[in-house]
Amino acid sequence: GAKAAQKRERNAGKNADKGPTSKTKVNEAAKNIVCQTCRQTFLLTTRAPALEEHAQNKHSKTLAECFPNFTK
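A. Structural view of the overall build of the protein chain. Check the secondary structure of the protein chain and you find four helices and two strands. Helices (α) and strands (β) of the protein chain occur, in sequence order from the N terminus, as α-α-β-β-α-α. Taking 72 residues into account, the globule formula puts the C-alpha radius of gyration at 11 Å, and the protein chain, at 22 Å, lies well above it. When each of the 72 residues of the protein chain is scored for burial, the buried share is 17%. Residue pairs in contact within the protein chain that sit at least 24 positions apart in sequence constitute 25% of those at least 6 positions apart. Of the accessible surface of the protein chain, which amounts to about 6100 Å², a share of 51% is contributed by carbon and sulfur atoms. Looking at the protein chain, you have 14 positive and 6 negative side-chain charges, and the mean spots of the two groups are 9 Å apart.

The following block contains the structure:
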């Protein structure tokens, strides 16, 4: 009983000073690959096959037509 309560109090103090840990702003900032046809954004880490798949399936175009600025 008492040890568990002490441990809870100690841990509550550790976690209280931490702010929110949401990554939404970071993730939005990392979306800098933009399809020129539909303006859909992709994360910086998106690889060529996924972009090529988007271009083919959504627009029936090539990778270069939808993403002219994309470099591997």
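B. Representation of the state of the cysteines within the structure. Within the structure shown, the criterion is met by zero disulfides. Looking at Cys38, it has no disulfide partner, and the nearest cysteine sulfur is the one in Cys35, 3.7 Å off. Assessed through its relative accessible area of 38%, Cys38 is described here as partly exposed.

C. The arrangement of the side chain of Thr46 in detail. Mapped onto the secondary structure, Thr46 falls in the loop between β2 (41–42) and α3 (48–59). A distance of 2.8 Å separates the side chain of Thr46 from the backbone oxygen of Leu43, its partner in a polar contact. Once residues lying within four places of it in the same chain are set aside, the contact partners of Thr46 are Ile33, Leu51 and Phe70.

How each quantity is defined
Residues numbered from 1 in each chain as written. Predicted model: local features only at pLDDT ≥ 70, side-chain atom pairs only at ≥ 80, totals over all residues. Heavy atoms only, no water. Helix = DSSP H or I, 4+ residues; strand = E, 2+ residues; numbered from the N terminus. Rg over C-alpha atoms; globule rule 2.2 N^0.38 Å. Buried < 20%, exposed > 50% of the residue type's maximum accessible area, 1.4 Å probe, protein only. Contact = heavy atoms within 4.5 Å. Areas by Shrake-Rupley, 256 points an atom, 1.4 Å probe, with all protein chains shown as cover. Lys, Arg positive; Asp, Glu negative; His and termini not counted. Charge placed at Lys NZ, Arg CZ, Asp CG, Glu CD. Disulfide = S-S within 2.5 Å. Polar contact = N/O pair within 3.5 Å; in protein donor to acceptor, adjacent residues only side chain to side chain.

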